[in-house]
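# Geometric and topological summary
Spelled out, the chains give:
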Amino acid sequence: KSGFIAVIGRPNVGKSTLVNTLIGQKIAIMSDKPQTTRNRIMCVLTEPDAQIVFLDTPGIHKPKHKLGEYMVKAAEGTLKEVDAILFVVDATQKLGPGEMYILERLQATKRPVILVVNKIDLIEREKALPIIAHYTSKYSFAGVVPISAREKMNLDGLLDEVKSYL
Ligand code: GDP
Ligand code: MG
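Once a new chain begins, its residue numbering starts again from 1 and follows that chain's sequence as written. As a convention, the first chain written is A and the first ligand written is 1, with the rest following in written order. Residue-level local features of this predicted model are given only where pLDDT is at least 70; pairs of side-chain atoms are given and counted only at 80 or more, and the full residue set underlies all totals for whole chains, interfaces and linings.

Here the focus is the overall build of the protein. Secondary structure elements follow DSSP: runs of H or I of four or more residues count as helices, runs of E of two or more count as strands, with numbering from the N terminus. Regarding its fold elements, the protein presents five helices and six strands. Sequence-ordered secondary structure for the protein, helices as α and strands as β, is β-α-β-β-α-β-α-β-α-β-α. Looking at the protein residue by residue over its 166 residues, the buried ones come to 30%. Once C-beta atoms have been placed from the backbone, residue pairs whose C-beta atoms lie within 7 Å are recorded as contacts. Here the analysis covers contacts within the protein between residues at least 6 apart in sequence; of these, 70% occur between residues at least 24 apart. Around each residue's C-beta, the other C-beta atoms within 10 Å are counted; 20 or more make the residue buried, 12 or fewer make it exposed, and counts in between make it partly exposed. All C-beta atoms are placed from the backbone.

Taken together, 16 residues form the shell around ligand 1, and within it Gly-14, Lys-15, Ser-16, Thr-17 and Arg-150 come nearest. The dominant element in the shell around ligand 1, judged by the number of residues it contributes, is helix H1 (residues 15–23), at three residues. Three classes are used: nonpolar for Ala, Val, Leu, Ile, Met, Phe, Trp, Tyr, Cys and Pro, charged for Asp, Glu, Lys and Arg, and polar for all others, with Gly counted as polar. Residue classes in the shell around ligand 1 are distributed as four nonpolar, seven polar and five charged. Only the C-beta atom, placed from the backbone, is used; a residue is near a molecule or strand if that atom lies within 6 Å of it.

This part takes up unusual backbone geometry. In this structure, Lys-119 is a non-glycine residue whose phi angle is positive, near 70 degrees. With respect to the helices, strands and loops of the structure, Lys-119 is situated in the loop between strand E5 (113–118) and helix H4 (128–136).

Per residue, pLDDT measures the predictor's confidence, with a range of 0 to 100. Summary statistics for the protein give a mean pLDDT of 84 and a share of 83% for residues scoring 70 or more. Low pLDDT, under 50, characterises residues 26–38; the predicted model gives this stretch 21 contacts beyond four residues in sequence or across chains. In the predicted complex, the global pTM is 0.88; the interface-specific ipTM is 0.99.

It is worth spelling out the nonpolar core at this point. Counting residues in each nonpolar core, the largest one holds 36 residues, and the members touching the most others are Ile-5, Ile-85, Leu-86, Phe-87 and Val-116. Those elements that place two or more of their residues in this core are strand E1 (2–8), H1, strand E3 (50–56), helix H2 (66–79), strand E4 (84–90), helix H3 (97–109), E5 and helix H5 (155–163). Setting aside residues up to four positions removed in sequence, Val-116 forms contacts with Leu-86, Phe-87, Val-88, Val-145, Ile-147 and Leu-158. The term nonpolar core refers to a group of buried residues, namely Ala, Val, Leu, Ile, Met, Phe, Trp, Tyr and Cys, whose C-beta atoms join them within 7 Å.

Let's shift gears to the pairing of E4. The buried fraction of E4 amounts to six of the seven residues, a majority that puts the element mostly inside the structure. Note: two strands are recorded as paired if DSSP finds a minimum of 2 bridges between them. With four bridges joining them, E1 and E4 adopt parallel strand pairing. Bridging across to E4, Ile-5 finds its partner in Ala-84. As defined by bridge partners, E4 adjoins E5 across six bridges and the pair is classed as parallel. Of the residues in E5, the one forming a bridge with Val-88 is Val-116. As a crossover connection, the stretch from E4 through H3 into E5 is right-handed. Handedness is read with the strands pointing away from the viewer; a crossover is right-handed when the path from the first strand over the helix to the second is clockwise.

On to the environment of Ile-114. Checked against the element boundaries, Ile-114 lands in strand E5. Take Ile-114: there are 21 C-beta atoms within 10 Å of it, and that puts it in the buried class. Each C-alpha atom, one on Ile-114 and one on Ser-140, is 9.4 Å from the other, the two residues being 26 residues apart in sequence. Among residues more than four places away in sequence, those in contact with Ile-114 are Ala-84, Ile-85, Leu-86, Phe-87, Phe-141, Ala-142, Gly-143, Val-145 and Glu-161.

Two elements, E5 and strand E6 (residues 143–146), share four bridges in a ladder whose sense is parallel. In the sheet register, Val-116 faces E6, and the bridge partner there is Val-145.

Turning our attention to H3. Given the number of residues in a helix, its expected span is that number minus one, multiplied by 1.5 Å. Along its 13 residues, H3 runs 19 Å from first to last C-alpha, staying within 8% of the 18 Å computed at 1.5 Å per residue. Residues of H3 that are buried make contact with E1, E4 and E5. Backbone geometry just downstream of H3 places Lys-110 in the positive-phi region, at approximately 65 degrees.

And the structure:
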């Protein structure tokens, strides 16, 4: 099994931490300048049963000018070709307008979108379900996986979910 997975989410939700933790070394910390390229390979994860390429997609945001519009289109074109999209959110934050914009565009790609609720180490157990419902009441997702990238919680669950789309 092998495939391409896009990792999307606003700054500071923990995308780099997630990919770093999955790969077990600090190679995902490349240029963090937004919009420099359409897509960047964050890392390639090689497991006995799967090879997964994680892609960063910095072009997905609400365009403020013509060039921005072009870049958003380019990023969306690439998204159509991935096997699944990880939409990473911070469990301690509410859905913002930027995220709603992105989620609407993601639906158009027709690719499976997995909601990854990160930083669950920062919330109480009984808060997890209402937080997830906050997202799933507004948008539909192919899967929902709560994790803590930093505390390495449920990363195997996330990988199993990802592999089911390869
Ligand atoms: P990115 O901008 O989406 O790539 O986010 P980063 O991976 O750079 O993480 C932003 C901040 O959130 C850093 O200070 C991380 O240490 C922190 N962080 C990431 N994942 C977790 C998590 O699961 N739990 C907690 N408590 N902090 C996290
Ligand atoms: Mg990052």
